[in-house]
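Spelled out from the first residue to the last, the chains are:
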Amino acid sequence: MKIFIRLIQSTFIIAALLLSSINSQAQTADEGAQLFNANCTSCHAINEKVVGPALKGAHKKYDEAWLLKWVKNSQALVKSGDAQAVKVYNDNNQSVMTSFTNFTDVQVKSLIAYIKAESEKPATATTASVAGSTTSSTMDATSSNEGLESKINWLIIIISVLLIMIIVLVFDILAKVGDIQGKPVIDWYGINGFLLLGFLVLGMGAATWEFIVHTPLTVNAQTPASEHGVIYDSMFNITLLLTGIVFIITEGLLFWYGFKYRSNAKRKALYYPDNHKLELIWTIIPAIVLTVLVVRGLKTWSSITDRAQAENAQKIEVYGYQFAWNARYAGTDNILGPHDFRKIGVVNALGVDPNNETAKDDIVTNELHFKVGQPVVLKFRAKDVIHSAYLPHFRVQMNVVPGLPTQFTFTPTVTTAQMRVLLGKPNFDYILLCNKICGSAHYRMKMKVVVDTQDEYNKWLGTQPKLASISTPSVSDTKTLAVK
Amino acid sequence: MSNQHSHNDDHGHHDAHGHHEETFISKYVFSMDHKMIAKQFLITGIIMGTLGMAMSLIFRLQLAFPDMKFPFLETILGHWGKDGKLDPNFYLALITIHGTIMVFYVLTAGLSGTFSNLLIPLQVGARDMASPFLNMLSYWFFFMSSCVLCVSLFVEGGPASAGWTVYPPLSALPKAIPGSGTGMTLWLVAIILFIASALLGGVNYITTVLNMRTKGMKMTRLPLTIWAFLITAVLGLLSFPVLLGAGLLLIFDRSFGTSFYLADIPADLAGGIERVGGSPILYQHLFWFLGHPEVYIILLPALGITSEVIATQSRKPIFGYRAMIGSILAIAVLSFIVWGHHMFITGMNPFLGSVFVLGTLIIAVPSAVKTFNYIATLWKGNLHLTPALLFAIGLVSFFISGGLTGLFLGNAALDINLHDTYFVVAHFHLVMGSAAIFGMMSGIYHWFPKMFGKMMNNTLGYAHFWLTFISAYCVFFPMHFMGLAGVPRRYYANTAYDQFNVFVDMNIFITIAAIVGGIAQLFFIYNFFNSIIRGKKTVQNPWKSNTLEWTAPVEKIHGNWPGEIPHVYRWAYDYSKPGADDDFIPQNIPDEGQTDPLDEPNATVFEHSHSHSPEASQKEVVMFSGLKKLFGFAKS
Amino acid sequence: MIATVNQNINTENEAVITPKKFVLWLLIVASVMLFAGLTSAYIVRRGEGNWLSFDLPSMFAYTTGIIALSSVTMQWALISAKKDELKNLKIALTLTLALGVLFGIGQWIGWQQLIANNIHLVGNPSESFVYIISGIHLVHMLGGIVFVLVVLVKTLQFNVHKKNLLSISLCTTFWHFLGAMWIYLYFFFLLNR
């Protein structure tokens, strides 16, 4: 995060130098937009409450001096007994807002300018631009229709409930008539037998329909973006085939027998308590099928987790914390500098030892870039609680545990550009998601993943600042801790 | 038992526990009678279940309509639902408490607590539990535990929100999320009380089954329900103490500054004490050592009830009685060595992972045997499709659907991309959630006459079944596809992800199905309480069942039977036995010439039907040839 | 298998004896599982390294002796009860009680020794484990002491004798379990420092 802010600071200075102050208002808002997207979107949006409150009109509601204090360290403000701060804190169920002690006044002001600019835009446009990075415009279109649709749905629900109640009532009356007459009017066993058969037919139909319609939406229907993804998918398909066969046979028999042997006046059950041969057969058959699955599965598992692969792989550290991700590249020496959780502060977010030689060429980013065809080993580290790094398109997932380093080795094979063509989606991006419950903004904790060609990769990495270029003011670290 | 009424007036003399005068308090509140305790467990379970279900509907609404406002949320949730929007923190609280309630309070206590209490003394032929006092304590610990959990809903910061598995550090750092404060402490207190309840109940069940069977009730004559309850209690006895240990260590980490589960946590996150040297994964090992047997603690009683209901209502002996017992035992033993399959992606040693894969997939064999035996029991039966049997069939269906997806998740390699996605949610809601709930419902419909002396309304029962069955499939089947698309579980909304937005319609569909399912449960609740009050009076043995509980009079008395406890002369499954007058022979009826209960009943009738019935052997051949083909195919 | 036949009300009271002992054994099994869980957590954690090794307090050796001795006196009490030697029974039970209390005090002193040795509850898990496992055992021990007290009171009321051995035999079983558990824990700590 520190790096990013530095980056923004430097671009800000360059921009200020180059453009002087021709369009200073708009420029500030642009800086604010960048800051906002990098630091705030995991908890805030302009028009809607996300984890934190909606920020629309915040520039009018609170004065600038107060906002400056609040953004930099809201907890200090709350503890000082500031009435407004306490109110905001309590209104938001006492969720603690992350402190941004390292923001300069200019940066916070640019954020406020951005909020002001966004608040004054017409509503629809604002939503699109705020959520622009991830939420597609089609989503907005569907969501505006939802209100209407759901009303219709509610109506359908109410009507069907009433209908069911009436049916129940009718049947109940018929049953009572039967009681009075002394012989049942309704053949319950017959009705339910047919319903079981109907459920089998309709259910199998619906399941088939689902497979046809929804399979294309799954990642399994897409080309896997990694080398081991191919064997993963073939293992998946074998399992699907075998379980599918068993599913159809057993469910089919279950409901068919339910229908066929429904009781009637003539039926007599067969006394048939045991057949050892039969039982032996249906113990052995599953055992054989499972042996196939176990052998195949273990082969796949051991080839994916083979630790020897990690030797020639490029090391990238993935760092998770509430509620964002960072990546750290080893730089030219291909050695990630050592880290210590005691050095973690607001400025040195990753706790990397700034004085270590190997750390100086390290590069910290908040996007994850891979070279296509280059084996990578992701080294996972967490700051606070357990997270899980999940890259569904690569068939990669590993828990990210504080104090317990984990890793995953794989080879990306499809570049982002190629995948966009394959899927026919020009805006497609790979993602890394958090997949272990970690708090309120868990559902927004993600990082963009890009698979580059060699050239693209070098170009991108070249624009990222090295750790050494940003001296770490250890004073501010201690200050942060003292404040907390 | 025909002269039972004449015995009724002196039943006080048969009361082993000296309750000659009964006040309201001693009869309904601090009752030591196992039948009353069973009802207490059931009704508390139903109340908790309603609460858990209501919670699920609230978060389903959020998932289906993340952009819509529901003003009623502010009315019921207060500041957690400000402006009709569910707070993300409270969303996590809801899923956590929903899971906790359903797993522990409904499907462990509500299911096993109810039916173990009701059926163990009645089906083995005992006057009450081995220790009625411990049994009462067991319920009251459970009750206190429920109360503590409910109280935690109202504390500042909200109830526990770390997921029902409460993994540290999220649960160990009171400042990590609002729900990890007081709410988490109360959650732990509630679970410790719950463990006390489960252990007290468990020792009672085991002791009663092993020591207090009536004459002639050999272990091989026990109904399968009792076998299931017995093994369930053993599983609980061996696994709950380990959870207790895990919980105690967590409490010390939270409140006393130790670091069993905490590593490299800076002091400012951890209440001023720097935490080094612990292992978050250690907690997961301890938790899942309980957690996996817990799955079978939930499922086995449901399967036991299903065995009983399917046999009774099909008017057929359960197919492969010994194989059923064997598979219960195999499942129980294996359940202790497979916990690691919940942790494939915690960075465990890949070899250790392989061991857990092997164990996990082996457990599918006894499960498959049980399924096939159920289907074989239905085959050529005389199916009385009562609501109880329909729910039992529903259970088998869910058990198949959910069990098969377990083969994906149990395979470590496939788990990489499916772990913690909606695929998992679909899997365990089918195989453990829906299946166990259906087992419980089947049991309620079947033994309601025994519990309350009244019949339930059939029509409402059928409506309840079909609505619940269809809506459960509509809710959970589509979730598989969301999981395959990589949608993670426990997400407050998926709107931030392009590739998940394609599931907007599906989410709405699921929520509607869930609401329909919820309404169906109202049918049940109405039917349940209405039938208690106004139901038709039942006859003593309404299902023409063989087991001992139906030989006890409808009027509930202390000590269960007036006069002598019936002796047992046969197994519980002599339905439609050739040569018999009726299509059932209760366990307490001796065969001609069978004087000592310990003798085997007249075997010739059995032999005759088994080997020489032309119809049977013909069908056998047909079934065989089909299977042989399959077998040959698999071999080649 | 002990098939109890509840034929009529008069035999039922006798039949209840076995189940009570059985319940106790099952509770002991549960307790063993608790300690098994904790000690396996200890082993697993120890295997991960970063483990502080330290000497157990000398007092723990003495308390181990005390609890072993108390098992002997408890057994003596049971034998005396079986022989209806009420005087010996009272002496033996009082001795057991005293030794039990002494054990508790000894554990407390042991903890003080640990603290003097700069081994604290809050610190490396190896330190915390010793406190918590011995603490949980002490909680069990308190239960045992109350149990012995109850039996002693019953004895003084002449309710424990040859024909009424249930409470004292249950108490003996539980007491031996407590002793065996501590001896196991002591050697476990000693061998897995």
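Starting afresh in each chain, residues are numbered from 1 along the sequence in its written order. Chain A is the first chain written and ligand 1 is the first ligand written, with later ones labelled in order. Where local features are concerned, this predicted model is filtered to residues with pLDDT of at least 70; where side-chain atom pairs are given and counted, the filter is 80 or more; whole-chain, interface and lining totals use all residues. Side-chain numbers come from the whole structure's heavy atoms, not from hydrogens or water.

Asker: Quick question: what am I supposed to make of the interface of chain B and chain C here?
Answerer: Interfaces are often described in size by the accessible area the parts lose on coming together. Every residue pair with non-hydrogen atoms within 4.5 Å of one another is taken to be in contact. Contact residues are listed per partner, giving 45 residues for chain B and 33 residues for chain C. For the pair chain B and chain C, the summed buried area comes to about 3,300 Å², and 73% of that belongs to carbon and sulfur atoms. In what follows, salt bridge is the name for a side-chain nitrogen of Lys or Arg lying within 4 Å of a carboxyl oxygen of Asp or Glu. Between chain B and chain C we count zero salt bridges in total. The definition of a polar contact used here is a pair of N or O atoms within 3.5 Å, where within protein one atom must be able to donate a hydrogen and the other to accept one, and adjacent residues in sequence count solely through side-chain atom pairs. Seen at the junction of chain B and chain C, the total is one residue pair in polar contact (both at pLDDT 80 or more). Of all the secondary structure elements, the ones that give two or more residues to the side of chain B that touches chain C are α7 (182-211), α8 (224-255) and α9 (280-314) of chain B. Two parts placed together each lose some accessible area under a 1.4 Å probe, and adding up what both lose gives the buried area. Helix numbers and strand numbers start at the N terminus; a helix is a DSSP run of H or I with at least 4 residues, a strand a run of E with at least 2.

Asker: I'm lost on the side chain of R381 of chain A in this one. Help?
Answerer: Mapped onto the elements, R381 of chain A comes out in strand β5 (residues 376-382). If we skip the residues at most four places from it in the chain, R381 of chain A touches E317, V318, Y319, G320, R328, H339, L350, V352 and V400 of chain A.

Asker: Explain the packing of helix α3 (residues 34-64) of chain B against helix α5 (residues 88-124) of chain B to me, please; I cannot follow it from the model alone.
Answerer: Working note: a packed helix pair is described by the angle between its axes plus the distance between those axes. Residue and element names in this part refer to chain B. Between α3 and α5, the shortest axis-to-axis distance is 8 Å and the interhelical angle comes to 155 degrees. Between α3 and α5, the angle is such that the two are roughly antiparallel. With respect to the hand of their crossing, α3 and α5 are arranged in left-handed fashion. To define axes, lines are fitted to C-alpha atoms, for helices over the stretch in contact only, and angles between the resulting N-to-C directions are given on a 0 to 180 degree scale. Just so you know how the angles are binned, under 35 degrees is roughly parallel, over 145 roughly antiparallel, 65 to 115 roughly perpendicular, and the rest oblique. Note: crossing handedness is left-handed where the near helix turns anticlockwise from the far helix by less than a right angle, and right-handed where it turns clockwise.

Asker: How should I be thinking about the nonpolar core in this particular structure?
Answerer: Considering soluble globular proteins, one finds that nonpolar side chains tend to be buried as a cluster. Take the buried residues of types Ala, Val, Leu, Ile, Met, Phe, Trp, Tyr and Cys, join any two whose side-chain atoms come within 4.5 Å, and each joined set is a nonpolar core. Only protein chains enter the calculation, and the probe is 1.4 Å; a residue is then buried if its accessible area is under 20% of its type maximum, exposed if over 50%, and partly exposed in between. By size, the foremost hydrophobic cluster in this structure holds 367 residues, and its most contacted members are L368, F370 and F394 of chain A together with F104, Y105, F115 and I444 of chain B. The residues touching F370 of chain A, leaving out its near neighbours within four places in the chain, are I316, V376, L378, L391, F394, F410, P412, V449, V450, V451, D452 and Y457 of chain A. Counting residues in each nonpolar core, the second largest holds 25 residues, with L67, Y89, F103 and Y114 of chain A among its members.

Asker: Just checking my understanding: could you explain the sheet that holds strand β1 (residues 314-321) of chain A for this structure?
Answerer: All names here are of chain A. At least two DSSP bridges between two strands are required for those strands to pair. Across the sheet, which stays open at both edges, the five strands sit in the order β3-β2-β1-β5-β8 with mixed pairing between neighbours. Looking at which strands have only one partner, the edges of the open sheet turn out to be β3 (363-365) and β8 (406-410). With strand direction ignored, the average angle separating the axes of adjacent strands in the sheet is 25 degrees. Of the pairings in the sheet, the one linking β1 to strand β2 (residues 324-329) comprises six bridges and is antiparallel in character. Opposite E317, over in β2, you have R328 as the bridge partner.

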